[in-house]
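Overview (structure and organization)
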Amino acid sequence: MKNHAYVALIVAVMLALPAFAQQTSSTSQDQPAANQTMQATPTAPSSTGQTSSSQTVGATGKQPLQAETREGFWGKVNPFARKKYVQRQTQPIRDRVNELDELTASNTKMIKDVDSRAQQGIQLASAKANEADQHAIDAGNKAQAAQQTATQANTRLSTVEQVVGNIDQYKATTQTEIRFRPGQSVLSQNAKTALDDMATPLKSQRGYIIEVQGFSSGHGQAAIATSQKMADSVVRYLVLNHDIPVYRIYVVGMGNAPVPSASTEEHPKTKRTSGGRVEISLLKNDLEQLASTSTSPDQAPAK
């Protein structure tokens, strides 16, 4: 009987020890919680306007978790810890981890939103800069074209002024001489060929005049009349066969007037005509040059 009593006592003691250890751990757990509650209580500001250092908070805006200082009866690990006890110990940690996850997700979303707005702003600024560059290039091209047009207009104006200034100044380009037999005013075949060579290119030209001067041997009015007939035959051929306007032809019968001959400046000499002849002189001004400038490839109208 005594042995059974001793065994029962030992078993009772062994069963009582875990309960006592659990109670001790609970007491130690409740004490840090009470300490944490006391630390979370706002501390009255001091006379200098500063608060206690125990009010430092973390990223979640809460007080940091306090480490357990007491180990209890079983040490840091209680082999007989119950499920509720473990949950009570780990619940604050899980809550704090969840809060950190939510805060991290919120910060990540905010960062993405800021980055998206920044990218849109950069793209918009880049598009505006490219548009401004294109406008600047277009303006530069237009300015260059306007400068080129102004230069061409200035050049043409200078040419026109020069042409207008020299409009009544004609220069001899070609001269043709037609010979006649004494007493005749009919053109020979050689004379017609010479007139054709001179008059054919004039159909597409302007700014020219033709001087026709007739010379004849003899004296007085008879020589003048004969020279006039020879000059008239030349004019008639040019008008009828080459459509030369009459207003471009200046004709005069010189008779047996003296004409200059080879001489020196100190001793000029003249000679009189022997036989009949007509001198045809083609004179041009700068009007043809103006016409060629106005129809240049740069200014030619589109067909």
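Up top is the structure these notes are about.
Conventions adopted
- Residues numbered from 1 in each chain as written.
- Predicted model: local features only at pLDDT ≥ 70, side-chain atom pairs only at ≥ 80, totals over all residues.
- Heavy atoms only, no water.
- Axes fitted to C-alpha atoms, helices over the stretch in contact; angles between N-to-C directions.
- Helix = DSSP H or I, 4+ residues; strand = E, 2+ residues; numbered from the N terminus.
- Parallel < 35°, antiparallel > 145°, perpendicular 65-115°, else oblique.
- Left-handed = near helix turned anticlockwise from the far one by under 90°.
- Contact = heavy atoms within 4.5 Å.
- Nonpolar A, V, L, I, M, F, W, Y, C, P; charged D, E, K, R; others polar.
- Buried < 20%, exposed > 50% of the residue type's maximum accessible area, 1.4 Å probe, protein only.
- Pairing = 2+ DSSP bridges.
- Polar contact = N/O pair within 3.5 Å; in protein donor to acceptor, adjacent residues only side chain to side chain.

Here the focus is the packing of helix 3 (residues 189-199) against helix 4 (residues 220-242). Between helix 3 and helix 4, the least distance of the axes is 11 Å, while the angle of their chain directions is 55 degrees. Considered as vectors, helix 3 and helix 4 are oriented oblique to each other. In this structure, helix 3 crosses over helix 4, and the sense of that crossing is right-handed. Facing helix 3, whose interface residues are Lys192, Leu195, Asp196, Met198 and Ala199, helix 4 presents Val234, Tyr237, Leu238 and His242. Looking at the contact of helix 3 with helix 4, its residues break down into six nonpolar, one polar and two charged.

This next bit is on the pairing of strand 6 (residues 276-284). With seven of its nine residues buried, strand 6 lies for the most part within the structure. With nine bridges joining them, strand 1 (residues 171-180) and strand 6 adopt antiparallel strand pairing. In the sheet register, Gln175 faces strand 6, and the bridge partner there is Ser281. Across eight bridges, the pairing between strand 2 (residues 208-215) and strand 6 is antiparallel. Within strand 6, the position partnered with Ile209 by the bridge is Leu283.

Right, let's talk about the side chain of Ser233 for a bit. Residue position: Ser233 is located in helix 4. For Ser233, the side chain forms a polar contact with the main-chain oxygen of Ser185, separated by 3.2 Å. Within the structure, the side chain of Ser233 is placed 2.5 Å from the backbone oxygen of Met230, a separation counted as a polar contact. Excluding residues within four positions of it along the chain, Ser233 makes contact with Phe180, Ser185 and Leu187.

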